[in-house]
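These are the residues of each chain, in order.
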Amino acid sequence: YLNNDMAILLYIIVLTCLSIYSYALVDPNLTLINSDIWVTFRNVMVQLGYYERNASWTYYLLIICTLYLFHGYFIKKIHKYNPIHIAGLVSMILLLSYPFLSRDFFNYIFDAKIITYYHENPYLKSALDFQTGSWLRFMHWTHRTYPYGPSWLLITLLPSLLSFGKFILNFIFFKLLFMLSYLATTYVLNKINKKNALFFASNPFVIMEGLVNAHNDFIALSFGIIGISLLLNKKNITYIKTSYGKISTWALLVISALIKYITT
């Protein structure tokens, strides 16, 4: 039997373990910050992820299974937990997690940098066209030009501009973009149906692929979920009753479709 405080404490521990473990597959060429502490931490995690595979996959399996257990527990005890609080907790702990199962995150950052820093068009230029960029040593798919829709490119310009070309700031602001999308989706779902919101907020697949690995499909999905939810439940949400509100709601679906065309 777990009381509320103990369950949340254990959940915090599991999420913290996930955030730390995510660096097990950090690229050995990546320098997140210039610090001996970082170098020591990275070397320990590289040893685990690259050279102690049996231990590594065991840790990963335990973390995932535990997350699914908590997911079921939260749904079962839905009257005791607030989806917004769960989402806030998850966001804070996983903000600095490393996208260890995908390299797309770094391409998102560099594609935006092509515009904000190099003042070129990513639909015409690839990362390989900027050989002086030190980021190329830990990026993949550097030969390809921009493969996504225009709305995703526009969305990524703000965190890129705020980062002033600094990698660590890009890393934080781009991760924050995914966290804000996650929180906004949880908030809208909670306005309509608490169970759906809690299912979304604590779902391990959402947490892993949306927040840790940070795929832009997640942003497209969030815009789509919010737009469809508002359209189907307009009677329950007062701020979309006007004609302007309805147009704005449809705009969310268009933005979603112009990230990747999965919404259509």
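Here, the structure is the one placed above.
What this report covers is the structure whose coordinates are included nearby. (Residues numbered from 1 in each chain as written. Predicted model: local features only at pLDDT ≥ 70, side-chain atom pairs only at ≥ 80, totals over all residues. Heavy atoms only, no water.)

**Remarks on helix α4 (residues 83-94)**
Across its 12 residues, α4 extends 16 Å between first and last C-alpha, which sits within 8% of the 16 Å expected from 1.5 Å per residue. Looking only at α4, the buried set comprises Pro83, Ile86, Ala87, Leu89, Val90, Ser91, Ile93 and Leu94. Tucked into the core, α4 has its buried residues touching α1 (4-21), α3 (53-76), α7 (167-192), α8 (194-201) and α9 (204-212). Structurally, the start of α4 carries an N-cap: the backbone nitrogen of Ile84 is 2.8 Å from a side-chain oxygen of Asn82. (Helix = DSSP H or I, 4+ residues; strand = E, 2+ residues; numbered from the N terminus. Expected span 1.5 Å × (residues − 1). Buried < 20%, exposed > 50% of the residue type's maximum accessible area, 1.4 Å probe, protein only. Contact = heavy atoms within 4.5 Å. Polar contact = N/O pair within 3.5 Å; in protein donor to acceptor, adjacent residues only side chain to side chain.)

**Overview of the pattern of salt bridges**
This model, assessed by the stated rule, comprises two salt bridges. Note that Asp111 is salt-bridged to Arg144, the shortest N-O span being 2.9 Å. You can see Asp111 sitting in helix α5 (residues 104-116) and its partner Arg144 sitting in the loop between α5 and α6 (150-163), a full 33 residues away along the chain. Of the two residues examined, Asp111 and Arg144, each falls in the buried class. Between Asp217 and Lys260 there is a salt bridge; the shortest N-O distance is 3.0 Å. In this pair, Asp217 sits in helix α10 (residues 216-232) while Lys260 sits in the segment after α11 (243-257), placing the two residues 43 residues apart along the sequence. (Salt bridge = Lys/Arg side-chain N within 4 Å of Asp/Glu carboxyl O.)

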